[in-house]
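Each chain is listed here by its residues.
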Amino acid sequence: MDTTTTITPLGGDVYEIDTRMAGYSGITAGYLILSDRPCLVEPGTAGSAPVVRRALEELGVGPRDLATVVVTHIHLDHAGGVGDIAEMFPEAEVVVHEKGARHLASPERFMRSARMVYGDALDTLFGELRPTDAVRIRAVEETGVIDLGGGRRLESHYSPGHAKHHVGLVDSATGDLYVGDAAGIYIPETADVRPATPPPDFDLGTALASLRRFGDLGPQRLLFAHYGPVTEVEETLGRSAEELRIWVDTVRAAKDEGLDLDHAVAMVRERTDERYAITREGADPELAAKYELLNGAESNVAGIMHALSRHA
């Protein structure tokens, strides 16, 4: 495969790595904190592992130099490459929320359910999550601390709502907050913020509480896995909460009318397409297709419907 790397220095010894998910650029970012104890946040998919290894090599991080790999949550676009990266970097500890730890050690059940959702597209999109030796996995709970060396720390904060195994991560040196998918998807080309509400874990109240928690942490900058750094912290977190409410209100209205998934998706598109530059008329169709693959309206609506049925 093509392992051409795109590395963007973000200041504070932080480097954004384009993991080239499914061959696309600008869809999923990993981040290397090049501190005394180098730390990789969000390794990306199994298919991305060779690209990530090459990027770390170019940044001077050899197989025995990487101290930690951290995932915000275990969805395959973020953590599918953990097993491969753990093998490539044998000294690295893997940090994950306790609700995701067992799936990284024994991914069979998790992969079975992923295959049911994605079918044959799974291999093209993500590849296979391979097991990580349980002794190398450290599970964090409500909060946790990752030592970056030289007094620098990465602190994890439990932030469910998108997924029940989700954490946000704050860098003590930069004030960066790695938001995973808890604040939705940020599209740098259009500055859109869209919700990420896939089944089976999405829950509106929990997701909004996680966004409030992020705001209370007072971060300097948000680092999105999809995609990149954002300095307008309060506005972006506020927009994220607003979009969640609009999507959920619309799906609730569709459900109250007894409409099925396809009709609910149509209602959401009608209500929201004009809200995002990426879905307005005249938008770049390739960009729209790329984000539909990553963050399709159908998957989001299915997650919201599942949540509403659960609460009914």
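As a starting point, this report considers the structure included with it. Residue indices follow the written sequence of each chain, beginning from 1 at its first position. The predicted origin of the model limits local features to residues at a pLDDT of at least 70 and limits the giving and counting of side-chain atom pairs to 80 or more, whereas totals for whole chains, interfaces and linings rest on all residues. Note that the side-chain values use all heavy atoms of the structure and ignore hydrogens as well as water.

Points about the overall build of the protein chain
Spelled out, the test is: Helix and strand assignments follow DSSP, with helices taken as H or I runs no shorter than four residues and strands as E runs no shorter than two, numbered in order from the N terminus. Each radius of gyration reported is based on C-alpha atoms, and the globular scaling rule is 2.2 Å times the count of residues to the power 0.38. Working definition: with a 1.4 Å probe on protein chains only, accessible area under 20% of the residue-type maximum means buried, over 50% means exposed, and in between means partly exposed. Only heavy atoms enter the contact rule, under which two residues are in contact if any of them lie within 4.5 Å. Here the Shrake-Rupley method, with its probe set to 1.4 Å, supplies the accessible areas, and only the displayed protein chains count as covering residues. Only four residue types enter the tally: Lys and Arg on the positive side, Asp and Glu on the negative side, with His and both chain ends excluded. Taken as the charge location is NZ of Lys, CZ of Arg, CG of Asp or CD of Glu.
Along its length, the protein chain carries eleven helices and 15 strands. What you see for the protein chain is a C-alpha radius of gyration of 18 Å, in line with the 20 Å of a compact globule of 312 residues. Taken along the three principal axes of its C-alpha coordinates, the protein chain extends 60 × 40 × 40 Å. The burial tally for the protein chain puts 56% of its 312 residues in the buried class. Residue pairs in contact within the protein chain that sit at least 24 positions apart in sequence constitute 69% of those at least 6 positions apart. Of the accessible surface of the protein chain, which amounts to about 12,900 Å², a share of 48% is contributed by carbon and sulfur atoms. For the protein chain, the distance from the average position of its 30 positive side-chain charges to the average position of its 50 negative side-chain charges is 4 Å.

So, the sheet that holds strand β14 (residues 221-224)
As a reminder, the rule being used: Pairs of strands are assigned from DSSP output, requiring at least two bridges between the strands. Here, axes are lines fitted to C-alpha atoms. For helices the fit covers the stretch in contact, and angles between N-to-C directions go from 0 to 180 degrees.
An order of β8-β9-β10-β11-β14-β15 is seen for the six strands of this open sheet, with the pairing classed as mixed. With partners counted over all chains shown, the strands left at the sheet margins are β8 (143-149) and β15 (228-230), one partner each. Neighbour to neighbour, the strand axes of the sheet diverge by 25° on average, direction disregarded. Pairing analysis gives five bridges linking strand β9 (residues 152-158) to strand β10 (residues 167-171), with the strands arranged antiparallel. From the neighbouring strand, S156 faces β10, where its bridge partner is L169.

A look at the packing of aromatic side chains
Filter applied, for reference: Stacked, tilted and edge-to-face are the three classes assigned to paired rings of Phe, Tyr and Trp, where Trp is represented by its six-membered ring and a pair needs centres within 6.5 Å; plane angles under 30 degrees give stacked, over 60 edge-to-face, the rest tilted. Definition used: whenever NZ (Lys) or CZ (Arg) falls within 6 Å of the ring centre and also within 35 degrees of the ring normal, the charge is taken to sit over that ring.
Applying the stated criterion across every chain, the model contains three aromatic pairs. On the basis of an interplanar angle of 75° and a centroid distance of 5.0 Å, the ring pair of Y118 and F126 is categorised as edge-to-face. Cation over ring: R194 sits above Y276, and NZ or CZ is 5.2 Å from the ring centre.

Examining the sheet that holds strand β3 (residues 29-33)
The sheet built from seven strands is open, its strands ordered β1-β2-β3-β4-β5-β6-β7 with mixed pairing. Edge positions in the open sheet fall to β1 (7-11) and β7 (137-140), since each of these has one partner strand only. Looking at each pair of strands side by side, their axes are set apart by 25° on average, direction ignored. Bridging between strand β5 (residues 68-70) and strand β6 (residues 93-97) involves three bridges; their strand directions are parallel. From the neighbouring strand, T68 faces β6, where its bridge partner is E93. Those strands touched by helix α1 (residues 49-58) are β1, β2 (14-18), β3 and β4 (39-41), and its axis lies near 145° from that of β2. Its contacts with the sheet put helix α4 (residues 98-105) on β6 and β7, and the angle it makes with β6 is roughly 130°.

Thoughts on the packing of helix α8 (residues 233-256) against helix α11 (residues 297-311)
Defined as follows: Any angle that falls under 35 degrees is termed roughly parallel, while one over 145 is termed roughly antiparallel, one within 65 to 115 roughly perpendicular, and all others oblique. Helix crossings get a hand from a simple test, with the near helix turned counterclockwise from the far one by less than a right angle marking a left-handed crossing and a clockwise turn marking a right-handed one. Ten residue types, Ala, Val, Leu, Ile, Met, Phe, Trp, Tyr, Cys and Pro, are classed as nonpolar, four, Asp, Glu, Lys and Arg, as charged, and the remainder, Gly among them, as polar.
At a minimum axis distance of 10 Å, the contact between α8 and α11 shows a crossing angle of 70°. If you check the angle between α8 and α11, you find them roughly perpendicular. In the crossing of α8 with α11, the sense of the turn from one axis to the other is right-handed. Here W247, V248, V251, R252 and K255 of α8 lie close against α11, whose contacting residues are A297, N300, V301, I304, M305, L308 and S309. Residue composition of the contact of α8 with α11, by class: eight nonpolar, two polar and two charged.

Some details on α4
What α4 keeps buried is the set G100, A101, H103 and L104. Of the surrounding secondary structure, the elements contacted by the buried residues of α4 are α2 (76-79), α3 (82-88), β6, α5 (108-118) and β7.

Here's the deal with the pattern of salt bridges
Heads up, the rule is: For this document, the term salt bridge refers to a Lys or Arg side-chain nitrogen within 4 Å of an Asp or Glu carboxyl oxygen.
Applying the stated rule across the entire model yields 19 salt bridges. Close ionic contact of E128 with R115 constitutes a salt bridge, the shortest N to O distance being 3.2 Å. Placement of the pair is E128 in the loop between α6 (121-125) and β7 and R115 in helix α5, with a sequence separation of 13 residues. Classification of R115 as partly exposed rests on a relative accessible area of 33%. Where R252 meets D249, a salt bridge forms, and the shortest distance between an N and an O atom there is 3.5 Å. Placement of the pair is R252 and D249 together in helix α8, with a separation of three residues, close to one helical turn.

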